[in-house]
Amino acid sequence: MLWIIRHVRVPISGVDLNGTMVDDSAIEAFARDGVVAVRGVIKPPELELLAEGVSRVVDAPGTRANVASRETDPGRFFEDFVRWPDTPEFEQVALRSQLPELAAALLDSPSVRFYHDHVLIKEAGTSQSTPWHQDQPYYNVEGRGISAWVPLDPIPRAGSPEFWAGSHRGPWRMPRTFLDSEAKWFPEGSLVEIPDIDADRSAYDIRQWALDPGDVVFFNFLTVHCAPGFPFDHGRRVVSFRYIDAEARHVVRPWATSPEFPGLADELGEGELFDHPLFPVAWPPVPAIR
Ligand SMILES: O=C(O)CCC(=O)C(=O)O
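Residues numbered from 1 in each chain as written. Predicted model: local features only at pLDDT ≥ 70, side-chain atom pairs only at ≥ 80, totals over all residues. Heavy atoms only, no water.

Between its terminal C-alpha atoms helix α3 (residues 44-59) stretches 23 Å, which fits the 22 Å expected from 16 residues at 1.5 Å a residue. Of the positions making up α3, those classed as buried are E46, L47, L50, G53, V54 and V57. Looking down the long axis of α3, one finds its buried residues gathered within 120° of arc, a one-sided arrangement. Within α3, the exposed residues directed more than 90 degrees away from the buried face are P44, P45, E48 and D59. Considering only its buried residues, α3 is in contact with β5 (77-81), α4 (88-96), β6 (112-122), β9 (145-151) and β14 (236-245). (Helix = DSSP H or I, 4+ residues; strand = E, 2+ residues; numbered from the N terminus. Expected span 1.5 Å × (residues − 1). Buried < 20%, exposed > 50% of the residue type's maximum accessible area, 1.4 Å probe, protein only. Arc of directions from axis to C-beta. Contact = heavy atoms within 4.5 Å.)

Another point: the sheet that holds strand β7 (residues 130-133). The four strands lie next to each other as β7-β13-β10-β11, forming an open sheet whose pairing is antiparallel. Of all strands in the sheet, those bounded by a partner on one side alone are β7 and β11 (206-207). (Pairing = 2+ DSSP bridges.)

Quick look at the packing of aromatic side chains now. Applying the stated criterion across every chain, the model contains 20 aromatic pairs. Measuring from centroid to centroid gives 5.0 Å for F163 and F219, while their planes differ by 50°, and the two rings are tilted. Of the two residues, F163 is situated in strand β10 (residues 162-164) and F219 in strand β12 (residues 216-220); the sequence distance between them amounts to 56 residues. Take F163: its relative accessible area is 0%, and that puts it in the buried class. Of note, K122 hangs over the ring of F77, and the distance from its end group to the ring centre comes to 4.6 Å. (Phe/Tyr/Trp six-rings, centres within 6.5 Å; stacked < 30°, edge-to-face > 60°. Lys NZ or Arg CZ within 6 Å of the ring centre and 35° of its normal.)

Summarising the element assignment, S240 is placed in strand β14. S240 has contacts with H116, D117, H118, L120, A148 and W149, leaving out every residue within four places of it along the chain.

Along β14, nine of the ten residues are buried, which leaves the element largely enclosed by surrounding structure. Summarising the sheet, β6 and β14 pair through ten bridges and their orientation is antiparallel. Counterpart to D117 in the pairing with β14 is F241. When β9 meets β14, the two strands line up antiparallel, connected through seven bridges. Considered in β14, the bridge of G145 is made with I244.

What follows is the structure, given as structure tokens:
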């Protein structure tokens, strides 16, 4: 198990996680840049499982589902959140694929909890982009977190997310609604704004990869990122699996977080660990009860 090797301080260069190479350089890159792409993490049977899960989610959107594109857009940008409790295919990959072990290794943490899944579908021809943002200011988390962006379709570089390397070390930045740029979370003026990165792209260290199904981009909850529309003749199905360091703490916000966890504040107080069935320990694996 990778985490055991890490925590007895044996160099892990070249550790082969069932065919997925993760070495010290990936861990260093993640710490330095706040983002790293790892090839071939999700195996074909897991991709099939995820595709089944995604089609069930699309057929029966949940209470948090949202269309983040305008009606005039040639393709829809569909999102849904926290579907693993009623989508066993997502639970299987979130808790029993290589994702949690890699998330723990990249965070250099002995254990991680699963935070939530986020389905992000851009149909063929979608012009709506995902604006530059950080994820953590939308959440109810104080502490470290990592997302695993898992595409189920080939992603040409021009359709792939972009990441501002190193931005995870900077301040929390103002979260806004994707379509209308509204401040629905932190009050106006209370956080630093995202700079106009596209106006001067050469001033930023921007990372982007063409991706195949099975490849995963891991990024810190505070890494500033965006994604273009999807002007291609096939659509883009993605599930972002989000993990938190087991030391992360619950923050009770005076607003509805995104995603929202209705009623959670009645069961988990301010500053408590996420010790709750909605946030299961994903790594190390919990032995099955016989
Ligand atoms: O897939 C996208 O369009 C954006 C992804 C994203 O913002 C995320 O996974 O946090």
